[in-house]
Amino acid sequence: MARYMANTQAQKFWEESINKEELARLCWHAKLSRGESGTQGKSRQYEVFRKKIENAPRPNEELMKKLPKVAARQYHKKKTSTRDTLAELASKNPNAVLVEMRPCSPHTKELLYQGFTKEGKGKYQYLRSRYHTIPEQKYTFPLLSSWEYGWRLEDVIKKEDIKKPQFGRTRMVADTFYTRTGIPALGCN
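Computed from a prediction, not measured in an experiment: that's the story for all the values here.

Looking now at the packing of aromatic side chains. Applying the stated criterion across every chain yields a total of three aromatic pairs. An angle of 5 degrees between the planes, with centres 6.1 Å apart, marks the rings of Trp147 and Trp151 as stacked. Residue classification places Trp151 among the buried positions, given a relative accessible area of 18%. An aromatic cluster is built from Tyr139, Trp147 and Trp151, whose rings are joined through pairwise contacts.

Printed below as a string of structure tokens:
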């Protein structure tokens, strides 16, 4: 049997797959509780619990009168987590949570029906235009953990500020080699 190597990439993969499965179950539960499927929203377990509660022995009335009344606590602000937000969204529309990619524009969709792939049209043009669209415009949130590094980078850094060096390796060599060995940068600055 092969040994399983646990690294951060594998851990992130498992974390993402568990979260996706949890979302799918949450959507299924919301759909079932609304009664959209062919089965009833409540299972027979509720009936069993109700009968157990009805048949349970009643506490002594005098003892119940002696217990002090406790007021329910009320908090000013309800703390919501992403799980609660997604649960609320799933209860309204279960398919909205599972949609990962935004729909393309009508112009891009028309490219599918204009000719054949062999001619460089149709599906070829469609995929080419989708390839040139950045992920922030195609997806609502990053699907992969590797996308988090550059997600919404253009909000922080303007494209005008990012310039490629004239000679790509020159900058790397100047920054790593010359500074470590004490040789002055040879006009690279």
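Moving on, we come to the side chain of Glu136. Take Glu136: it is sitting in helix α8 (residues 135-138). Residues within four places of Glu136 in sequence aside, it is in contact with Arg102, Gly150, Trp151, Arg152 and Leu153.

Let's shift gears to the environment of Trp28. Along the chain, the position of Trp28 falls in helix α1 (residues 8-34). Expressed as a C-alpha distance, the spacing of Trp28 and Ala90, which sit 62 residues apart in the sequence, is 8.8 Å.

Take the pattern of salt bridges next. Summed over the entire model, instances satisfying the criterion amount to three salt bridges. With its nearest N and O atoms 2.3 Å apart, the salt bridge here joins Arg50 to Glu47. A residue pair is termed a helical-turn pair when its members lie 3 or 4 positions apart in one helix, as Arg50 and Glu47 do in helix α2 (residues 44-55) at three residues. The residue Arg50 makes a salt bridge to Glu54 at a minimum N-O spacing of 2.7 Å. With Arg50 and Glu54 both in helix α2, this residue pair falls four residues apart, about one helical turn. Residues joined by salt bridges that share partners form a network here, namely Glu47, Arg50 and Glu54.

Considering the arrangement of structural elements, one finds Glu154 in the loop between α8 and α9 (168-181). Residue classification places Glu154 among the partly exposed positions, given a relative accessible area of 43%. As a C-alpha pair, Glu154 and Glu136 span 18 residues in sequence and 9.9 Å in three-dimensional space.

Rules behind the numbers
- All chains use their own residue numbering, which begins from 1 and follows the written sequence.
- Per-residue local features of the predicted model are confined to residues with pLDDT of at least 70, and side-chain atom pairs are confined, for both listing and counting, to 80 or more; whole-chain, interface and lining totals are unaffected and use all residues.
- Excluded from the side-chain calculation are hydrogens and water; included are all heavy atoms of the structure.
- Classification of ring pairs uses Phe, Tyr and Trp, with its six-membered ring standing for Trp, and accepts pairs whose centres are within 6.5 Å; under 30 degrees between planes counts as stacked, over 60 as edge-to-face, and the remaining range as tilted.
- Relative accessibility decides the category of a residue: with a 1.4 Å probe and only protein chains considered, values under 20% of the type maximum give buried, values over 50% give exposed, and everything between is partly exposed.
- By definition, any uninterrupted DSSP run of H or I lasting at least four residues is a helix, any uninterrupted run of E lasting at least two residues is a strand, and each is numbered from the N terminus.
- Any pair of residues with heavy atoms lying within 4.5 Å of one another is described as a contacting pair.
- Between Lys or Arg on one side and Asp or Glu on the other, a salt bridge is scored when a side-chain nitrogen of the former is within 4 Å of a carboxyl oxygen of the latter.

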